[in-house]
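Structural features, examined
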Amino acid sequence: MSRVTPVDLHFIEALEGADPDKTPLVVLHGLLGSADNWRSHLKVWQQQRRVLAVDLRNHGRSPHADGMDYQAMSQDVIALLKKEKIERAHILGHSMGGKVAISLARLAPELTASLIVGDIAPVRYDHGHDDVFSALNAVREAKPTDRKRADAVMAEHVSARPTRLFLATNLVRNDDKQMSLRVGLDEIQADYDAIIGLPAGEEPYQGPTLVLRGADSHYVTDDMIPALKEMLPTARVITLKEAGHWLHADQPEAFQQAVSAFMNEEDK
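In short, a report on the structure. (Residues numbered from 1 in each chain as written. Predicted model: local features only at pLDDT ≥ 70, side-chain atom pairs only at ≥ 80, totals over all residues. Heavy atoms only, no water.)

A word on the side chain of His41. Structurally, the position occupied by His41 is in helix H1 (residues 39-45). One polar contact links His41 to Gln256, side chain to side chain, over a distance of 3.0 Å. With residues up to four places along the chain from it excluded, the contact list for His41 reads His248, Pro252, Phe255 and Gln256. (Helix = DSSP H or I, 4+ residues; strand = E, 2+ residues; numbered from the N terminus. Polar contact = N/O pair within 3.5 Å; in protein donor to acceptor, adjacent residues only side chain to side chain. Contact = heavy atoms within 4.5 Å.)

Structure follows, in structure tokens:
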């Protein structure tokens, strides 16, 4: 069990048009993502309910801190819910954020109205981010003065431009007019083995669960379903066509509609 002290997480809140009687939604991003990645989705969901998109520790505008295991990250979110006086919420997490969401649901089912998991299974994955870490470390060392140069540096390690554009969301201009990292890269790399590991918690989460997976993704394969069902026995698995791991970006409308329909059903 992690003994890491919770950090005060930054979040984006959407309230315009929200029905105060509906259960809030909390959104958790994936590795090297941030709450900013979810702004277009927040515009849709805020028409129905209060929505909080969270920057997990060492990501976005949240503090940098040691410890990236799922016990620590889920406790950060639990502390945020209590601070915001949210007694129950729908918890949506994508990729790493999905494992944080699963951990939260297992550790604090009383806070979890439902669980929505985006393209991740509760299994241990192989190491697969060496090129990404190399690209970000190269930018940190090169200290480029603009995004074009930063992209050229990253291209030496990551050939896919969409991936580089995603990584570039972690770049900010510092006081020396250089592009620097806002992500806690050292802390993430130090505890990467925990990130690719299992969610926290001992008991299965028995509450309502929706798992959305991309048809073109390898993150939730059919042979992972037994492990998924063991930890999330009520899970309903929906596959989005023509979608990869970033299914919420590949099929935004289908993703939004599936999430909204599930929450509305559980709110009845």
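Applying the stated criterion to the full structure yields six aromatic pairs. Arranged with centres 6.0 Å apart and planes meeting at 50°, the rings of Trp38 and Phe255 form a pair that is tilted. One end of the pair, Trp38, is in the loop between strand E2 (25-28) and H1; the other, Phe255, is in helix H11 (residues 252-267), with 217 residues separating them in the sequence. Exposure class is identical for Trp38 and Phe255. Each is buried. Their ring planes at 40° and their centres at 5.4 Å tell us that Tyr125 and Tyr219 sit as a pair that is tilted. Residue Tyr125 is found in the loop between strand E5 (112-118) and helix H4 (130-142), and its partner Tyr219 is found in the loop between strand E8 (209-214) and helix H9 (225-231); the two are separated by 94 residues along the sequence. Assigned by exposure class, Tyr125 and Tyr219 land together as buried. (Phe/Tyr/Trp six-rings, centres within 6.5 Å; stacked < 30°, edge-to-face > 60°. Buried < 20%, exposed > 50% of the residue type's maximum accessible area, 1.4 Å probe, protein only.)

Where burial is concerned, most of E8 is hidden: six out of the six residues are buried. Alternating positions in E8 separate into two faces, Thr209, Val211 and Arg213 on one and Leu210, Leu212 and Gly214 on the other, with burial throughout. Where E5 and E8 come together, four bridges link them in parallel fashion. Bridged to Val117 within E8 is Val211. Strand direction decides the pairing type here: E8 and strand E9 (residues 236-240), joined by five bridges, are parallel. By the bridge assignment, Val211 is partnered in E9 with Val237. Chirality of the crossover, the property in question, places the unit of E8, H9 and E9 among those that are right-handed. (Pairing = 2+ DSSP bridges. Right-handed = clockwise from strand over helix to strand, strands pointing away.)

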